[in-house]
Amino acid sequence: MGRTSPKIASLFIFGFLVFKFALSAGLKGGSIAPRIVGGHEATGSYPYVISLMTDTIFGRYHTCGGSIINQRTVITAAHCLASTSASSLKVHVGEKAKKVIDGLIYEVLNTHYHPLWTAETQDYDVGLVRIDGLFVYTPSVQPIKLASLKTKIKEGSYATVLGWGYTNAWGPPAEQLRMAQVPIVKQSTCNRRMGGLITKRMICAGFKSGGVDACQMDSGGPLVYKDVLIGIVSWGVGCAQRKKPGVYARVTELLPWIEQTLQKEYNEVL
């Protein structure tokens with residue numbers, strides 16, 4: 001399952017192909033798809049946010065978001081990695097513009113995503129991107145701390161979601177990094193509103209009235225609470241709909257896989 005796919009406005013073949021490819025990492029299934037609506041351009045510093053870009057025959061395009069977690073690794077959504085290869089991906093860091101102006105581009109050495117992730121459920125929606133080389137840390141390029149089991153978040157607490165995705169359900173994607181504040185929704189409430197599809201590996205955020213949400217091409221991006229990464233943009237029903245909160249991969253529940261993968265593959269400890 002993924003986030004509801006928007007209709008394609010243009011009938012031009014080129015536009016259609018670019019659109020289709022750019023969304024392929026962020027759309028799974030027919031009625032539900034992964035996904036900032038109702039937000040504004042990001043103010044302040046968010047040096048951990050990255051743009052995951054894909055090389056195509058038409059050029060290089062932003063497809064998903066992500067967050068730097070150490071000097072070689074980005075965390076993103078599994079559905080951003082499942083249908084692509086490391087060789088076709090690039091990691092863009094160090095700026096709020098989607099277009100590469102002052103930031104840096106890194107080649108991708110390898111990707112990993114949770115073996116229990118499936119497109120049908122979007123459960124275990126976490127992946128890691130390993131760059132070729134090291135991130136050069138500067139004021140605009142820094143890692144973010146991952147939430148731990150000690151991180152307590154009350155229902156109604158506001159978290160920040162960031163991304164270059166659609167500003168409404170019909171697009172187009174944003175040219176500048178955007179942000180929105182969304183309240184955390186109680187797990188049982190979210191599960192009821194989302195038809196029983198919410199698992200322990202998911203956390204929900206959004207207003208009952210809708211209007212503010214992540215959207216297509218925000219997938220993989222960060223949900224942050226008190227400067228700690230608590231969620232990864234995963235899926236939802238449409239964008240910013242009433243009583244349909246955004247669903248994020250819950251970092252605390254996925255931390256064991258993240259730590260085990262870094263230890264096993266790279267002998268690293270967060």
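Nothing here was measured: the structure is a model prediction, and the numbers come from that model.

This next bit is on the side chain of D123. On the secondary structure map, D123 appears in the loop between β6 (104–113) and β7 (127–131). Of the polar contacts made by the side chain of D123, one reaches the side chain of T199; its length is 2.8 Å. Filtering out sequence-adjacent residues up to four positions away, D123 remains in contact with L116, W117, T118, T199, R201 and M202.

Taken as a whole, this structure holds four aromatic pairs when the rule is applied. For the cation-ring pair, R130 lies above Y266, with the distance from its terminal atom to the ring centre recorded as 3.8 Å.

Turning to the pattern of salt bridges, a few remarks are in order. For the coordinates displayed, the defined rule picks out six salt bridges. Between R60 and D55 there is a salt bridge, with the nearest N and O atoms lying 2.6 Å from each other. Taking the relative accessible area as the measure of exposure, D55 reaches 26% and is therefore partly exposed. Across the salt bridge formed by K90 and E107, the nearest N and O atoms sit 3.4 Å from each other. Of this pair, K90 sits in strand β5 (residues 89–93) while E107 sits in strand β6, and the two are 17 residues apart along the sequence. Several salt bridges converge on common partners, so that one network encompasses D55, R60, K90 and E107.

This paragraph deals with the nonpolar core. The biggest cluster of nonpolar side chains holds 58 residues, and the ones touching the most others in it are L52, V91, F135, L223, Y248 and I258. If sequence neighbours within four positions are ignored, F135 has contacts with I68, N70, Q71, R72, T73, V74, V91, V93, Y106 and V141. Listed in part, the eight residues of the second largest apolar core include M194, I198, C204 and W235.

Okay, the pairing of strand β2 (residues 49–56) next. It is a general feature of regular strands that their side chains alternate between the two faces of the sheet. The buried fraction of β2 amounts to seven of the eight residues, a majority that puts the element mostly inside the structure. Linking two consecutive strands that pair antiparallel, namely β2 and strand β3 (residues 59–70), is a turn of two residues. Sheet topology places β2 next to β5; four bridges connect them, and they run antiparallel. Within the sheet, the bridge partner assigned to L52 lies in β5 and is V91.

Attention now goes to a positive patch on the surface. Residues K186, R192, K208, R242 and K243 make up a contiguous surface patch of positive charge. Tracing the chain through its elements places R242 in the loop between β13 (228–235) and β14 (246–250). On the basis of relative accessibility, which here comes to 53%, the residue R242 falls in the exposed class.

Turning to the sheet that holds β5, a few remarks are in order. Strand order in the closed barrel formed by six strands is β2-β3-β4-β7-β6-β5, with antiparallel pairing between adjacent strands. When the angles between neighbouring strand axes are averaged without regard to direction, this sheet yields 45°. In the sheet, β5 pairs with β6 via four bridges, with the strands oriented antiparallel. Among the inter-strand pairings, K90 is bridged to a residue of β6, identified as E107. The sheet strands contacting helix α3 (residues 251–266) are β3, β4 (73–76), β6 and β7, and the helix crosses β7 at an angle near 35°.

Before going further, it helps to spend a moment on the state of the cysteines. What makes a disulfide is a covalent bond joining the sulfur atoms belonging to two cysteines. Evaluated as defined, the whole model comprises three disulfides. Bridging C64 to C80, the disulfide has an S-S length of 2.1 Å. Between C64 and C80 the disulfide shows an S-S torsion of about -90°. By sign, it is left-handed. A residue pair is termed long-range when its members are at least 10 positions apart, and C64 in strand β3 and C80 in the loop between β4 and β5 qualify at 16 residues.

Turning our eyes to something else, we now look at unusual backbone geometry. A positive phi is found at D227, a non-glycine position, where the angle reads about 65°. Along the chain, D227 falls in the loop between β12 (222–225) and β13. By relative accessible area, D227 is classed as exposed at 65%. With a phi angle near 60°, A240 is a residue other than glycine that sits in the positive phi range. For A240, the position within the fold is in the loop between β13 and β14. The class for A240 is buried, based on a relative accessible area of 14%.

This next bit is on the environment of S67. Looking at where S67 falls in the secondary structure, it is placed in strand β3. What makes S67 buried here is its relative accessible area of 1%. Remark: the alpha-carbon pair of S67 and G221, spanning 154 residues in sequence, is separated by 6.6 Å.

The rules behind these values
- Residues numbered from 1 in each chain as written.
- Predicted model: local features only at pLDDT ≥ 70, side-chain atom pairs only at ≥ 80, totals over all residues.
- Heavy atoms only, no water.
- Helix = DSSP H or I, 4+ residues; strand = E, 2+ residues; numbered from the N terminus.
- Polar contact = N/O pair within 3.5 Å; in protein donor to acceptor, adjacent residues only side chain to side chain.
- Contact = heavy atoms within 4.5 Å.
- Phe/Tyr/Trp six-rings, centres within 6.5 Å; stacked < 30°, edge-to-face > 60°.
- Lys NZ or Arg CZ within 6 Å of the ring centre and 35° of its normal.
- Salt bridge = Lys/Arg side-chain N within 4 Å of Asp/Glu carboxyl O.
- Buried < 20%, exposed > 50% of the residue type's maximum accessible area, 1.4 Å probe, protein only.
- Core = buried A, V, L, I, M, F, W, Y, C linked by side-chain atoms within 4.5 Å.
- Pairing = 2+ DSSP bridges.
- Patch = residues over 30% accessible without salt bridge, like charges linked within 9 Å, V, L, I, M, F, W, Y side chains within 5 Å.
- Areas by Shrake-Rupley, 256 points an atom, 1.4 Å probe, with all protein chains shown as cover.
- Lys, Arg positive; Asp, Glu negative; His and termini not counted.
- Charge placed at Lys NZ, Arg CZ, Asp CG, Glu CD.
- Axes fitted to C-alpha atoms, helices over the stretch in contact; angles between N-to-C directions.
- Disulfide = S-S within 2.5 Å.

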